[in-house]
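Structure assessment
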Amino acid sequence: MAQTRRRLRSSTVVLGGMGVLAAALTSCGSDPDRRCVDRDSYDYLDGYKIVADKNCKSSGTTSGSVGKGGVSRVDADWYYDADVSDGYADYGTFSRSEAVDRGGFGCSGSSGG
């Protein structure tokens, strides 16, 4: 029996490789998991207190709400790829680009809920 080998053209290999790369890039979202936290609320045991997303409309803003006791200030910012437990987030980063680099291709290592 004569065996015949079929040689793949280099363009076929390159195009196939590009397809695999495209699938890997699109399989994960480009945004890492994030939580809006009060930067001034850090607790050694719990981490940062999670606040309403409306406080983080733009990164690093200080927002406040008027209550019976006056104005309550929140130094809110997005906190990425954190471990979340009981209203607190810890072991994350305030740098979005660092969070994307950590997860590889934008994949988040943790899931929020």
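Residues numbered from 1 in each chain as written. Predicted model: local features only at pLDDT ≥ 70, side-chain atom pairs only at ≥ 80, totals over all residues. Heavy atoms only, no water.

**With respect to the side chain of aspartate 90**
Position of aspartate 90 relative to the elements: it lies in strand β6 (residues 88–90). Aspartate 90 sits in the buried class, given a relative accessible area of 9%. With sequence-adjacent residues up to four places away left out, aspartate 90 is seen in contact with Tyr42, Asp46, Gly47, Tyr79, Ala82 and Asp83. (Helix = DSSP H or I, 4+ residues; strand = E, 2+ residues; numbered from the N terminus. Buried < 20%, exposed > 50% of the residue type's maximum accessible area, 1.4 Å probe, protein only. Contact = heavy atoms within 4.5 Å.)

**Overview of the state of the cysteines**
Throughout the structure, instances matching the rule amount to one disulfide. The disulfide that involves cysteine 36 links it to cysteine 56, with 2.0 Å between the sulfurs. Its torsion about the S-S bond being 85 degrees, the disulfide of cysteine 36 and cysteine 56 is classed as right-handed. Taken together, the positions of cysteine 36 in strand β1 (residues 34–38) and cysteine 56 in the loop between β2 (48–49) and β3 (61–67) put the pair 20 residues apart, joining distant regions of the chain. On the basis of relative accessibility, which here comes to 0%, the residue cysteine 36 falls in the buried class. (Disulfide = S-S within 2.5 Å.)

**Remarks on the side chain of aspartate 77**
As for its placement among the helices and strands, aspartate 77 is situated in strand β4 (residues 70–80). Within the structure, the side chain of aspartate 77 is placed 2.9 Å from the side chain of arginine 39, a separation counted as a polar contact. (Polar contact = N/O pair within 3.5 Å; in protein donor to acceptor, adjacent residues only side chain to side chain.)

**Describing the nonpolar core**
Grouped together as the largest cluster of nonpolar side chains are eight residues: Cys36, Val51, Cys56, Val74, Ala76, Trp78, Tyr80 and Ala99. Not counting the four nearest positions on each side in its chain, cysteine 36 is found in contact with Lys49, Ile50, Val51, Ala52, Asp53, Asn55, Cys56, Ala76, Asp77 and Trp78. (Core = buried A, V, L, I, M, F, W, Y, C linked by side-chain atoms within 4.5 Å.)

**Notes on unusual backbone geometry**
One non-glycine residue, aspartate 81, adopts positive backbone phi at about 50 degrees. Of note, aspartate 81 is situated in the loop between β4 and β5 (83–85). One non-glycine residue, aspartate 86, lies in the positive phi region at around 50 degrees.

**Regarding the packing of aromatic side chains**
By the definition in use, this model includes four aromatic pairs. With a centroid separation of 5.2 Å and 80 degrees between ring planes, the pair formed by tyrosine 48 and phenylalanine 94 is classed as edge-to-face. Placement of the pair is tyrosine 48 in strand β2 and phenylalanine 94 in the loop between β6 and α2 (96–103), with a sequence separation of 46 residues. Classification of phenylalanine 94 as partly exposed rests on a relative accessible area of 22%. Centroid distance tyrosine 79 to phenylalanine 94: 4.7 Å. Interplanar angle 50 degrees. Geometry classified as tilted. You can see tyrosine 79 sitting in strand β4 and its partner phenylalanine 94 sitting in the loop between β6 and α2, a full 15 residues away along the chain. Connected via pairs of aromatic rings, a cluster forms that spans Tyr42, Tyr48, Tyr79 and Phe94. Here arginine 39 stacks its cationic end above the ring of phenylalanine 94, 3.9 Å away from the centre of that ring. Sitting over the ring of tyrosine 88, lysine 49 keeps its end group 5.7 Å from the ring centre. (Phe/Tyr/Trp six-rings, centres within 6.5 Å; stacked < 30°, edge-to-face > 60°. Lys NZ or Arg CZ within 6 Å of the ring centre and 35° of its normal.)

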